[in-house]
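Next come the chains, spelled out residue by residue.
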Amino acid sequence: MKNYGLENWSENNFAIRDGKVILNTKSNPSLLQITNAIRKKDVRGPIILRFPHIIKKQIQNLYKHFNYSIQENNYKGSFKAVFPLKVNQFPHLVQAVVDAGREFNYGLEAGSKAELILAMSHINSGAHITVNGFKDKEMITLAFIAAQSGHNITLTIEGLGELKTIIEVSKESKLIVPNIGIRVRLHATGSGSWAKSGGMDAKFGLTATEILEATKLLKENVLLDKFTMIHFHIGSQMDDISPMKRSLREAGNIYAELKMLGAFALSNINIGGGLAVNYSQNSNSVMHNYTLKEFSSSVVFLLGEIMNAKGISHPDIFTESGRYIVASHSVLITPVLELFSQDYHADLLDLKEINPPLVEELHELYKALSSKNAIEYLHDAIDHIESLLTLFDLGYIDLRDRSNAEILVHNIMKKSLLLTSNLHTNELKQLQVHMQERYLINASIFQSLPDYWGLEQNFPVMPIHHLEQKPLRGASIWDITCDSDGEIGFNPSAPLYLHDIDLKKEEYFLAFFNTGAYQEALGMAHNLFTHPNEYTIEIDNQGFSISNEEESKNILEILSSIGYSSQKLLKKLKEDLSSSKFITEKEKNATLSKLETYIYQNGYLRTTS
Ligand SMILES: *Cc1c(COP(=O)(O)O)cnc(C)c1O
């Protein structure tokens, strides 16, 4: 894996220069420069960096490809898109999406009442709001209020019940009726690990019979003029384009049939989201089998073909891809707090006058290690440490012997890795499992990479500096939660190698990429670690600027967000300390202010300098 697969997953957003990861735009600042500028302000925990220029690029790409395909295919409808808020609802992200989308009239999609309120309050004027998901009468009324307030809104119904409620509200109030879309249930199924949205047994959508019934209801209630859209969504992170093509044929024919049945206002096909993002650091594991170019041209071509065959005018095409738009915009940067094997520094070796024979032998191996014998001695060392640990369990060697043995074995491993660093045998990869270094990061996997925990979704990870040196340590990454699932293990078939850094002398930062979609919204406060500090970074030809600093919740805020009274907490802490004995008033006051400092900080560790 050369350069951590950067060419594979970074879409040219990042590059390596002078051993550092830089942004591949304008003044090319390095992630290290940005990180250092932020840490100067006494920030110690993990940080999220948002890059609005990457969002802009994605939105531009989406429109560019579809508009090009429309031209190429002489297609008569236009292309429209909305951003699904469930992918990331954080304020500075939404603002960046809205700003970047203004010139395209890029809209928002809402899947809940809260998201609908968010959309109504943040949408660019004139841009489209679509509403999906299950709705009650209140949510439907909210859509009427949105229409009344001047928004261009389409309420997509997931079932006949919702349509009946729309009819009810339209009768009860004089508010403007929103446009109505119908989510169709397709027999063509989705693909990829998130494919639960398509298929006959899907959670969402109306069957053919229900669609006919819905059209009848609309006609009877004089609402056919509001029926403007049909919608489907076959699932996220589509790895294969063929189910999309099957779905388009099916939905396209449903559209054409409905037009022929008199749905005169129908003018949009909404093909949902699902465009995939490349998360793979491994060049030989391609995640999806299509490009945006192929995708857009297939969509436009197929729809045109179906409509032409039935003599129906071309519909406008809507998409709701969210992952594709924002996954790449943010980077999570975490300091490394510890390399566990540095507890085995050779300086700590404390050999006795006379040592157990196996310890003596390890010492001999260590001294005689050379590139010629490295692998052989490595095998011997691994063999010996197993025997020595057994001897310890049986009481034959003492703790000091065991400590010496562990130190020697670790140093033999380390040295032999250096000596064999130009060999790439499978055997060495397997040995790395034994020799892996554990890197403790100041972050929570549950909070910041929940899809790794829940779906084994890998995110590209690499150091942001030291890249002029070859990384030699097979690495596993441990987070600071006290949960054993908070670990990204070493995988011999997709090995991650990191640098051997003396953290007493210098810092080491790892970055996780493509974390901008879903991770923040899904992040869990396991162990009460909360959303990290975040910053928006704008880059120009001179340098970069940092804005929109949002600090991670402090300890008191975290506790009160789950229902504790911060006043009661503070009072209890202060009372207990005040009534304690054996320290002077002065010391008490100093301790009290220390306590206050701590609880008004976030819960991440502050160990690195
Ligand atoms: C989740 C969702 C999307 C977004 O999917 P991505 O994979 O992020 O593109 C779009 N439309 C609907 C209806 C959704 O539920």
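1. As for the overall build of the protein
Thought 1: When helices and strands are counted, the protein shows 21 helices and 20 strands.
Thought 2: Considered along the principal axes of its C-alpha atoms, the protein spans approximately 100 × 65 × 55 Å.
Thought 3: For the protein, buried positions account for 53% of its 609 residues.
Thought 4: Residue pairs at least 24 apart in sequence account for 76% of intrachain contacts in the protein once pairs closer than 6 positions are excluded.
Thought 5: Total accessible area on the protein is roughly 27400 Å²; 52% of this is exposed by carbon and sulfur atoms.
Thought 6: Within the protein, one finds 59 positive and 70 negative side-chain charges whose respective centroids are separated by 6 Å.

2. Overview of unusual backbone geometry
Leave glycine aside and you will find that most residues have negative phi; peptide bonds, for their part, are mostly trans.
Thought 1: The phi angle at Asn-105 is positive, at roughly 60°, despite the residue not being glycine.
Thought 2: Residue placement: Asn-105 occurs in the loop between α4 (91-101) and β5 (107-110).
Thought 3: Its relative accessible area of 41% is what places Asn-105 among the partly exposed residues.
Thought 4: Positive phi outside glycine occurs at Asn-527, with the angle close to 60°.

3. Side note on the packing of helix α12 (residues 357-368) against helix α13 (residues 374-393)
The angle between the axes and the distance between the axes are what describe a pair of packed helices.
Thought 1: Axis separation between α12 and α13 bottoms out at 10 Å; the angle between their running directions is 160°. It follows that α12 is roughly antiparallel to α13 by the angle criterion. Two packed elements cross with a definite hand, and for α12 against α13 that hand is left-handed. Along its contact with α12, which presents Leu-358, Val-359, Glu-361, Leu-362, Leu-365 and Ala-368, the element α13 presents Tyr-377, Asp-380, Ala-381, His-384, Ser-387, Leu-388 and Leu-391.
Thought 2: In the contact of α12 with α13, the residues fall into nine nonpolar, two polar and two charged.

4. Some thoughts on a nonpolar patch on the surface
Thought 1: Taken together, the side chains of Leu-528, Ile-562 and Tyr-564 make up a nonpolar region of the molecular surface, amounting to roughly 290 Å² of accessible area.
Thought 2: One can find Tyr-564 in the loop between α19 (555-561) and α20 (566-578).

5. Side note on the nonpolar core
General note: in soluble globular proteins, nonpolar side chains tend to be found buried as a group.
Thought 1: In this structure, Phe-14, Leu-31, Leu-49, Phe-51, Phe-83, Phe-232 and Phe-295 are the most contacted members of the largest nonpolar core, which totals 139 residues.
Thought 2: Sort the elements by how many residues they give to this core and helix α10 (residues 292-310) lands first, with eight residues.
Thought 3: Look past the residues within four positions of Leu-31 in its chain and what remains in contact with it is Phe-14, Val-21, Leu-23, Leu-49, Phe-51, Val-331, Ile-333, Ile-464 and Phe-513.
Thought 4: Within the second largest apolar cluster, 20 residues are counted, among which are Val-359, Leu-369, Ala-381 and Leu-428.

6. Structural notes on the packing of aromatic side chains
Thought 1: Here the structure, examined in full by the defined rule, presents 16 aromatic pairs.
Thought 2: A centroid spacing of 4.2 Å and a plane angle of 5° characterise the contact between Phe-66 and Phe-79, whose relative ring orientation is stacked. Taken together, the residues span a long stretch of sequence, with Phe-66 in helix α3 (residues 52-72) and Phe-79 in strand β4 (residues 79-84) at a distance of 13 residues. Take Phe-66 and Phe-79: they sit in the same class, and that class is buried.
Thought 3: Its guanidinium or amino end placed over the ring of Phe-392, Arg-402 lies 4.9 Å from that ring's centre, counting from NZ or CZ.
Thought 4: For Arg-438, the ring lying beneath its charged end belongs to Phe-340, and the centroid distance is 4.8 Å.

7. Looking at the domain arrangement of the protein
Thought 1: According to the domain assignment, the protein contains domain 1 (76-277 + 286-328), domain 2 (342-433) and domain 3 (564-599).
Thought 2: Between the C-alpha centres of domain 1 and domain 3 the distance comes to 56 Å.

8. Section: a negative patch on the surface
Thought 1: On the surface, a cluster of negative charge is contributed by Glu-549, Glu-550, Glu-551 and Glu-557.
Thought 2: When you line up the elements, Glu-551 lands in the loop between β20 (544-550) and α19.
Thought 3: With a relative accessible area of 59%, Glu-551 lands in the exposed category.

9. Some points on the environment of His-128
Thought 1: Relative to the helices and strands, His-128 is located in strand β6 (residues 128-131).
Thought 2: The class for His-128 is buried, based on a relative accessible area of 11%.
Thought 3: On a C-alpha basis, the gap between His-128 and Val-177 in space is 15 Å, while along the polypeptide they are 49 residues apart.
Thought 4: Residues in contact with His-128, not counting those within four places in the same chain, are Val-82, Gly-107, Leu-108, Ile-123, Asn-152, Thr-154 and Phe-318.

10. Section: the sheet that holds β4
Thought 1: One closed barrel holds the eight strands; their spatial order is β4-β5-β6-β7-β8-β9-β10-β11, and the pairing between them is parallel. For this sheet, the mean inter-axis angle between neighbouring strands, taken without regard to orientation, is 25°.
Thought 2: Running at roughly 135° to strand β7 (residues 152-157), helix α7 (residues 160-172) makes contact with β7 and β8 (179-183) of the sheet.

11. Description of the pattern of salt bridges
Thought 1: A full pass over the atoms with the stated rule returns 27 salt bridges.
Thought 2: Notably, a salt bridge pairs Arg-50 with Glu-534, separated by 2.7 Å at the nearest N-O pair. Of this pair, Arg-50 sits in strand β3 (residues 47-50) while Glu-534 sits in strand β19 (residues 533-539), and the two are 484 residues apart along the sequence. With respect to class, Arg-50 is no different from Glu-534; both count as buried.
Thought 3: Lys-113 is the salt-bridge partner of Asp-136, the closest N and O atoms lying 2.8 Å from each other. With Asp-136 in the loop between β6 and α6 (137-148) and Lys-113 in helix α5 (residues 113-122), the pair connects residues that are 23 residues apart, well separated along the chain.
Thought 4: One network of salt bridges, with partners in common, ties together Arg-50, Glu-520 and Glu-534.

12. What to know about the pairing of β6
Thought 1: Alternating positions in β6 separate into two faces, His-128 and Thr-130 on one and Ile-129 and Val-131 on the other, with burial throughout.
Thought 2: Two strands pair when backbone bridges link them, and β5 and β6 are joined in this way by three bridges, in the parallel orientation. Each residue of the ladder has a partner; that of Ala-110, found in β6, is Val-131.
Thought 3: Traced from β5 through α5 to β6, the parallel crossover comes out right-handed.
Thought 4: Pairing geometry for β6 and β7, over four bridges, is parallel. Bridge assignment links His-128 to a residue of β7, and that residue is Asn-152.
Thought 5: The parallel pair β6 and β7, bridged by α6, forms a crossover whose chirality is right-handed.

Quick notes on the rules
- Residues numbered from 1 in each chain as written.
- Predicted model: local features only at pLDDT ≥ 70, side-chain atom pairs only at ≥ 80, totals over all residues.
- Heavy atoms only, no water.
- Helix = DSSP H or I, 4+ residues; strand = E, 2+ residues; numbered from the N terminus.
- Buried < 20%, exposed > 50% of the residue type's maximum accessible area, 1.4 Å probe, protein only.
- Contact = heavy atoms within 4.5 Å.
- Areas by Shrake-Rupley, 256 points an atom, 1.4 Å probe, with all protein chains shown as cover.
- Lys, Arg positive; Asp, Glu negative; His and termini not counted.
- Charge placed at Lys NZ, Arg CZ, Asp CG, Glu CD.
- Axes fitted to C-alpha atoms, helices over the stretch in contact; angles between N-to-C directions.
- Parallel < 35°, antiparallel > 145°, perpendicular 65-115°, else oblique.
- Left-handed = near helix turned anticlockwise from the far one by under 90°.
- Nonpolar A, V, L, I, M, F, W, Y, C, P; charged D, E, K, R; others polar.
- Patch = residues over 30% accessible without salt bridge, like charges linked within 9 Å, V, L, I, M, F, W, Y side chains within 5 Å.
- Salt bridge = Lys/Arg side-chain N within 4 Å of Asp/Glu carboxyl O.
- Core = buried A, V, L, I, M, F, W, Y, C linked by side-chain atoms within 4.5 Å.
- Phe/Tyr/Trp six-rings, centres within 6.5 Å; stacked < 30°, edge-to-face > 60°.
- Lys NZ or Arg CZ within 6 Å of the ring centre and 35° of its normal.
- Domains from an automatic or database assignment.
- Pairing = 2+ DSSP bridges.
- Right-handed = clockwise from strand over helix to strand, strands pointing away.

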